[in-house]
Amino acid sequence: MRAGQAFVLAIVIPAALAGGAIWYLQVHGYYRELSPAEAAEQRVTLADGSVVALPVAGAQAIDADSSPLRYRACLTLAPEAPEPSALQPYPRAEVLRTPGWFSCFDPGAIDAAMADGSATVALAEADRPWGFDRVIAVVGDRAWVWPQINRCGLAVFNGARLPEGCAPPPES
């Protein structure tokens, strides 16, 4: 082997290994699947502003400690769940992407249901955690939950003054 080939291999192999490690950590490494009991612990905000437990017949969810934006849940609602019309609307919802291996959460299908009006999009829970709202999209007895940065969180993360009506951020 020539010195040039050895030099190229000495660069390419570690770069490929580092790239593979970065990909794995972003797509798999930081995520953890929640137990069915943890995944079923859902709350929803009603139109009157009250927050109630959401009865769930089945649930899958993933989360990560590395970012509040990594939470996703797929739910089968129990028959006693509130009607979608009883939920507090969330007009600024933007469904987030998810790792392909979490196949119950299909952002394209959720986007399409939101666009054609077949999904009711509502506030699941405000400031969970602080600066992020949990959003829920409901179609029939199926629902999907994801986090979305709210106006208070956006202001703080942009270095702006906290908007009126926002609770102060927790001490870090």
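Here the structure is shown first, and the text comes after it.
Residues numbered from 1 in each chain as written. Predicted model: local features only at pLDDT ≥ 70, side-chain atom pairs only at ≥ 80, totals over all residues. Heavy atoms only, no water.

This part takes up the state of the cysteines. Applying the stated rule across the entire model yields two disulfides. Each disulfide pairs two cysteine sulfurs, and for Cys74 the partner residue is Cys104, the sulfurs being separated by 2.1 Å. The S-S bond linking Cys74 to Cys104 shows a torsion near 85 degrees; that makes this disulfide right-handed. Here the residue Cys74 occupies a position in strand S5 (residues 72–77), and Cys104 occupies one in the loop between S5 and helix H3 (107–116), the gap between them amounting to 30 residues. The burial state of Cys74 is the same as that of Cys104; both residues are buried. Covalently, Cys152 is tied to Cys166 through a disulfide, its sulfur atoms 1.9 Å apart. The sign of the S-S torsion, about -85 degrees, decides the handedness of the disulfide formed by Cys152 and Cys166: left-handed. (Disulfide = S-S within 2.5 Å. Helix = DSSP H or I, 4+ residues; strand = E, 2+ residues; numbered from the N terminus. Buried < 20%, exposed > 50% of the residue type's maximum accessible area, 1.4 Å probe, protein only.)

It is worth spelling out H3 at this point. For H3, the complete set of buried residues consists of Pro107, Ile110, Ala113 and Met114. Down the axis, H3 shows its buried residues gathered within 125 degrees of arc, on one side only. Turned more than 90 degrees off the buried face of H3, the exposed positions are Ala115 and Asp116. Between a side-chain oxygen at the N-terminus of H3 and the backbone nitrogen of Gly108 the separation is 3.1 Å; the capping residue is Asp106. A positive backbone phi angle near 85 degrees is found at Gly117, which sits one or two residues after H3. (Arc of directions from axis to C-beta. Polar contact = N/O pair within 3.5 Å; in protein donor to acceptor, adjacent residues only side chain to side chain.)

A few words on the packing of aromatic side chains. One pass over the full model with this rule turns up four aromatic pairs. Taking the centre distance of 6.0 Å and the plane angle of 80 degrees together, the rings of Tyr31 and Trp101 count as edge-to-face. Remark: Trp101 occurs in the loop between S5 and H3 and Tyr31 occurs in the loop between helix H1 (3–29) and strand S1 (32–33); sequence separation between them is 70 residues. Measuring from centroid to centroid gives 6.3 Å for Trp101 and Phe102, while their planes differ by 75 degrees, and the two rings are edge-to-face. The exposure class of Trp101 is partly exposed, given its relative accessible area of 30%. (Phe/Tyr/Trp six-rings, centres within 6.5 Å; stacked < 30°, edge-to-face > 60°.)

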